[in-house]
Amino acid sequence: MTKEEISQLVEEGKMLPLMEEFYTIQGEGYHKGTAAYFIRIGGCDVGCHWCDVKESWDAEKHPPTATECIVSEAVKYSKTIVVTGGEPLTWDMTLLTQMLKAEGAQTHIETSGAYTLTGKWDWICLSPKKLKLPTKEVYEKANELKVIIFNKHDLKFAEEQAAKVNKDCILYLQPEWSVRDKVVPLIVDFVMANPQWKVSLQTHKYLNIP
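Thresholds, definitions, all that
- Residues numbered from 1 in each chain as written.
- Predicted model: local features only at pLDDT ≥ 70, side-chain atom pairs only at ≥ 80, totals over all residues.
- Heavy atoms only, no water.
- Salt bridge = Lys/Arg side-chain N within 4 Å of Asp/Glu carboxyl O.
- Helix = DSSP H or I, 4+ residues; strand = E, 2+ residues; numbered from the N terminus.
- Buried < 20%, exposed > 50% of the residue type's maximum accessible area, 1.4 Å probe, protein only.
- Pairing = 2+ DSSP bridges.
- Axes fitted to C-alpha atoms, helices over the stretch in contact; angles between N-to-C directions.
- Contact = heavy atoms within 4.5 Å.

Attention shifts here to the pattern of salt bridges. Under the defined criterion, the tally for this structure stands at 11 salt bridges. Put simply, lysine 130 and aspartate 154 hold a salt bridge, and the shortest N to O gap is 2.6 Å. A residue pair is termed long-range when its members are at least 10 positions apart, and lysine 130 in the loop between β6 (123–126) and α4 (136–141) and aspartate 154 in helix α5 (residues 153–162) qualify at 24 residues. A relative accessible area of 6% places aspartate 154 in the buried class. The shortest N-O distance in the salt bridge between glutamate 140 and lysine 136 comes to 2.3 Å.

As summarised here, the arrangement of the 9 strands in space is β3-β1-β2-β4-β5-β6-β7-β8-β9, forming an open sheet in which the pairing is mixed. Each edge of the sheet is formed by a strand with only one pairing partner; in this case those strands are β3 (64–66) and β9 (197–199). With strand direction ignored, the average angle separating the axes of adjacent strands in the sheet is 30 degrees. Where strand β2 (residues 35–41) and strand β4 (residues 80–84) come together, 4 bridges link them in parallel fashion. Bridge pairing in β4 places isoleucine 39 opposite valine 83. Packing of helix α3 (residues 94–102) onto the sheet brings it into contact with β1 (15–25), β4 and β5 (106–111), and relative to β5 it is tilted by some 150 degrees. Helix-sheet contacts for helix α6 (residues 180–193) involve β7 (144–149), β8 (170–175) and β9, and the interaxial angle to β8 is about 150 degrees.

Written out as structure tokens, the structure is:
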């Protein structure tokens, strides 16, 4: 297959730049503690300076993999499938989610929401970033809003983002791991003063699992 043919298949969602896939425990947000199979798709140009998966940014480093192969491997392990990145909405998620749903899987996505929402999702975790804000559709359909807190100003950003999501969206503040000791007290005080928010922790890091 030529490079051009592969590029076309990626464009159509028939192949995806797969960085890694693994079975673990969801560590964050509403579904924390749930066994889930993670599909990490390469490619992201949002460029968060504190990103802990910077190796996912360059899609060229991750081999285009047939979507049907990704799905057949995933459903061997779990019916709860989390698609993450990178930024998975860089690519067309329609075929991936169609195939997963055909296998009876629950489809979850973790996204910045910066690109067109494609695919059929049972759960959308929206984690907006200042450099590229989410689309209107993702705000409207998000099941949870997870704002990463690196400094005090991020609390203001969180309030701005909460004003844009739907009324049923669950609101989470999560400390950025490298500064957790500094920002946890800020988050605790904020949530106690604004109880519509909840605290999310990266429990998988405390458990020392992927």
